[in-house]
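Structure assessment
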Amino acid sequence: STMSGLPNRSVIVDIHLDAAAPELREHLSERPYITLTPAAGKLIDYMGCLLDDHRADRSLVALWTPLMLDALAHAPSPGVETRLARMQAMVQVEPGQDWTVARMAREAALSVSRLHVVFRERFGLTPHAWLTQQRLDQARRWLAGSPLSIAEIAHRTGYSDQSALTRAMREAGELSPGAYRRRAQEAASKLR
């Protein structure tokens, strides 16, 4: 029992995920323990009343179960924003690490396919495109404001060498790292 004196209840929904819709399969495989939404809570209260009155038969459970599954499928993912922000911070602090999409998904506690959906919704980018953007942003900051060599900046931002960083910047429609650094230094000297 709880401190309020009311009994605790749990609902265990034992289903074969193969028979569920793909969205529900992914949702429940990522989060087998779910904080109930108000809609799911009301369905559980209703079934609890029927059980207490000994009026819950098989046909009623057969009608109740799809409603409960639907309520569970639409439960918000607790902590997705927090986990995503944590993973993003990890990438931004150390962009040069071996950040595969699978590793980013693992750090955010999401499946790879769910990570792609979340990135498309939030950033309009794939996880790989977002990672490239983060690496180039950091490279530009270091080119503009640090004495690090271009080769060292390339290495620290996850590029194999200076030419790989140059290719990435040019593919993004930017100047080469050396030209970017010169322009940033010229702009800084004009502000002094």
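Here, the structure is the one placed above.
First things first, this report covers the structure right here in the doc.

Quick notes on the overall build of the chain
- On a plain count of helices and strands, the chain comes out with ten helices and zero strands.
- If you list the helices and strands of the chain from N to C, you get α-α-α-α-α-α-α-α-α-α.
- Every one of the 192 residues in the chain was classed for burial, and the buried ones make up 33%.
- In the chain, once contacts between residues fewer than 6 apart in sequence are set aside, the share between residues at least 24 apart is 55%.
- Summed over all atoms, the accessible surface of the chain reaches about 12,400 Å², with 55% contributed by carbon and sulfur.

Considering helix H2 (residues 38-52)
- The end-to-end C-alpha distance of H2, which contains 15 residues, comes to 21 Å, matching closely the 21 Å that a straight helix rising 1.5 Å per residue would cover.
- Among the residues of H2, those classed as buried are Ala40, Gly41, Leu43, Ile44, Met47, Gly48 and Leu50.
- Directly beyond the C-terminal end of H2, a positive phi value near 55° is found at His54.

Focus on the nonpolar core
- Core analysis: the biggest nonpolar cluster contains 14 residues, and Met87, Val91, Met104, Leu115 and Trp130 have the highest contact counts within it.
- The set of elements that each furnish at least two residues to this core consists of helix H4 (80-93), helix H5 (101-107), helix H6 (112-123) and helix H7 (127-145).
- At four residues, the largest contribution of residues to this core is made by H4.
- The contacts of Leu115, once residues within four sequence positions are left out, are Leu84, Met87, Val101, Met104, Ala105, Ala108, Leu110 and Pro127.

Concerning the packing of aromatic side chains
- Under the defined criterion, the tally for this structure stands at three aromatic pairs.
- On the basis of an interplanar angle of 70° and a centroid distance of 5.4 Å, the ring pair of Phe119 and Trp130 is categorised as edge-to-face. Taken together, the residues Phe119 in helix H6 and Trp130 in helix H7 connect sequence positions eleven residues apart.
- Of the residues examined, Phe119 reaches a relative accessible area of 0% and is grouped as buried.
- According to the relative accessible area criterion, Trp130 is buried, its value standing at 3%.
- Between Phe123 and Trp130, the aromatic rings sit 6.2 Å apart at their centres with planes inclined by 25°, giving stacked as the arrangement.
- With a relative accessible area of 31%, Phe123 lands in the partly exposed category.
- Of the aromatic side chains, those joined through ring pairs into one cluster are Phe119, Phe123 and Trp130.
- Sitting over the ring of Trp99, Arg103 keeps its end group 3.8 Å from the ring centre.

Comments concerning the packing of H7 against helix H10 (residues 177-191)
- Running from amino to carboxyl end, H7 crosses H10 at an angle of 50°, the nearest separation of the two axes being 8 Å. Classed by the angle they form, the pair H7 and H10 counts as oblique. In terms of crossing hand, the pair formed by H7 and H10 is right-handed. Residues Arg140, Trp142, Leu143 and Ala144 of H7 touch H10, and the partners they reach there are Pro177, Tyr180, Arg181 and Ala184.

Some words on unusual backbone geometry
- Phi angles above zero are rare outside glycine, and Ala109 is one such case at about 55°.
- Considering the arrangement of structural elements, one finds Ala109 in the loop between H5 and H6.
- Among the residues examined, Ala109 registers a relative accessible area of 44% and is labelled partly exposed.

Criteria and thresholds
Residues numbered from 1 in each chain as written. Predicted model: local features only at pLDDT ≥ 70, side-chain atom pairs only at ≥ 80, totals over all residues. Heavy atoms only, no water. Helix = DSSP H or I, 4+ residues; strand = E, 2+ residues; numbered from the N terminus. Buried < 20%, exposed > 50% of the residue type's maximum accessible area, 1.4 Å probe, protein only. Contact = heavy atoms within 4.5 Å. Areas by Shrake-Rupley, 256 points an atom, 1.4 Å probe, with all protein chains shown as cover. Expected span 1.5 Å × (residues − 1). Core = buried A, V, L, I, M, F, W, Y, C linked by side-chain atoms within 4.5 Å. Phe/Tyr/Trp six-rings, centres within 6.5 Å; stacked < 30°, edge-to-face > 60°. Lys NZ or Arg CZ within 6 Å of the ring centre and 35° of its normal. Axes fitted to C-alpha atoms, helices over the stretch in contact; angles between N-to-C directions. Parallel < 35°, antiparallel > 145°, perpendicular 65-115°, else oblique. Left-handed = near helix turned anticlockwise from the far one by under 90°.

By themselves, these are just geometric observations and shouldn't be taken as functional.
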